[in-house]
2 protein chains.
Amino acid sequence: MFKDLDPLLHSQLRLSVVSLLVSLEEADFVFLREKTSSTAGNLSVQLDKLSEAGYIEIQKGYSGKRPRTTCRITETGRQAFEDYVEALKSYF
Amino acid sequence: MFKDLDPLLHSQLRLSVVSLLVSLEEADFVFLREKTSSTAGNLSVQLDKLSEAGYIEIQKGYSGKRPRTTCRITETGRQAFEDYVEALKSYF
DNA sequence: ATTATTTGGTTTACAATATAAACTTATTTA
DNA sequence: TAAATAAGTTTATATTGTAAACCAAATAAT
């Protein structure tokens, strides 16, 4: 009847992040924080979860002297997003 | 950028219930429990929340001698569902 | 030169949620 | 009349989501 919704994506902030990464391929922490209007703390936690699940890859580097965390979606993450969108359709 | 998702509907079970009620107009507790594959306890709690928010109306009556709880969606609930679907589009 | 502020985060503590287990009350069935 | 089933509700627990507090480094102000 209703398809299960991946709990990892069924969260406003994580869904926003993945949604952005699906089209952008790469985005840094500050960009994501601004686009999602989230706090840094919350974003940090949610990025870790997505990373833990293998949905995104996180690279910590530097932009000049300032730290710069960049994220990109993985194939797993892209697939999960597609599945999520598909599953949602069963509710409408 | 991303529209806020009504937390009351952004829950698999509550969304399932509202989704059913939007097209069915009326459904009883047992029907909802079966269609959503939920436990009675969980369903009971979530129905209360939807009712509390004015998204559904709950009527407790009898079918013969057995108790029968029937639910129907309210105009508020129907509108909230539409808004939720609309908001979701901003993520895709 | 030292102090204060900003930047880019992470950790942690707390509040809210979701969920199932346990319970209740009434009704059949054995 | 005892056991099982039905239809829920209540309550306890585990999981989440979130922001506040924190930290380290860089830049700006005095």
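See the structure shown above.
These figures come from a predicted structure and were not determined experimentally.

The rules we used
- Residues numbered from 1 in each chain as written.
- Chains lettered and ligands numbered in written order.
- Predicted model: local features only at pLDDT ≥ 70, side-chain atom pairs only at ≥ 80, totals over all residues.
- Heavy atoms only, no water.
- Phe/Tyr/Trp six-rings, centres within 6.5 Å; stacked < 30°, edge-to-face > 60°.
- Helix = DSSP H or I, 4+ residues; strand = E, 2+ residues; numbered from the N terminus.
- Buried < 20%, exposed > 50% of the residue type's maximum accessible area, 1.4 Å probe, protein only.
- Contact = heavy atoms within 4.5 Å.
- Polar contact = N/O pair within 3.5 Å; in protein donor to acceptor, adjacent residues only side chain to side chain.

Our next topic: the packing of aromatic side chains. Taken as a whole and assessed by the stated rule, the structure comprises 4 aromatic pairs over all chains. Measuring from centroid to centroid gives 4.8 Å for A:Phe2 and A:Tyr91, while their planes differ by 25 degrees, and the two rings are stacked. Here the residue A:Phe2 occupies a position in the segment before helix H1 (12-24), and A:Tyr91 occupies one in the segment after helix H4 (75-88), the gap between them amounting to 89 residues. On the accessibility criterion, A:Phe2 (16% relative accessible area) is buried. Accessibility expressed as a relative area gives 0% for A:Tyr91, which makes it buried. Where A:Phe92 meets B:Phe81, the ring centres are 5.9 Å apart and the plane angle is 65 degrees; that geometry is what we call edge-to-face. Separated into two different chains, A:Phe92 in the segment after H4 and B:Phe81 in helix H4 (residues 75-88) make up a pair that spans both. For B:Phe81, a relative accessible area of 10% corresponds to the buried category.

Quick look at the side chain of B:Thr69 now. Within the fold, B:Thr69 resides in strand E3 (residues 66-73). Look past the residues within four positions of B:Thr69 in its chain and what remains in contact with it is B:Ala27, B:Asp28, B:Phe29, B:Ile58, B:Gln59 and B:Lys60.

Topologically, A:Gln12 is positioned in helix H1. Overall, the relative accessible area of 25% leaves A:Gln12 in the partly exposed class. Considering only alpha carbons, one finds A:Gln12 and A:Thr36, 24 residues apart in sequence, at a separation of 9.3 Å. If sequence neighbours within four positions are ignored, A:Gln12 has contacts with B:Lys3, B:Asp4, B:Leu5, B:His10 and B:Tyr91. From its side chain, A:Gln12 meets the backbone nitrogen of B:Leu5 in a polar contact 3.0 Å long.

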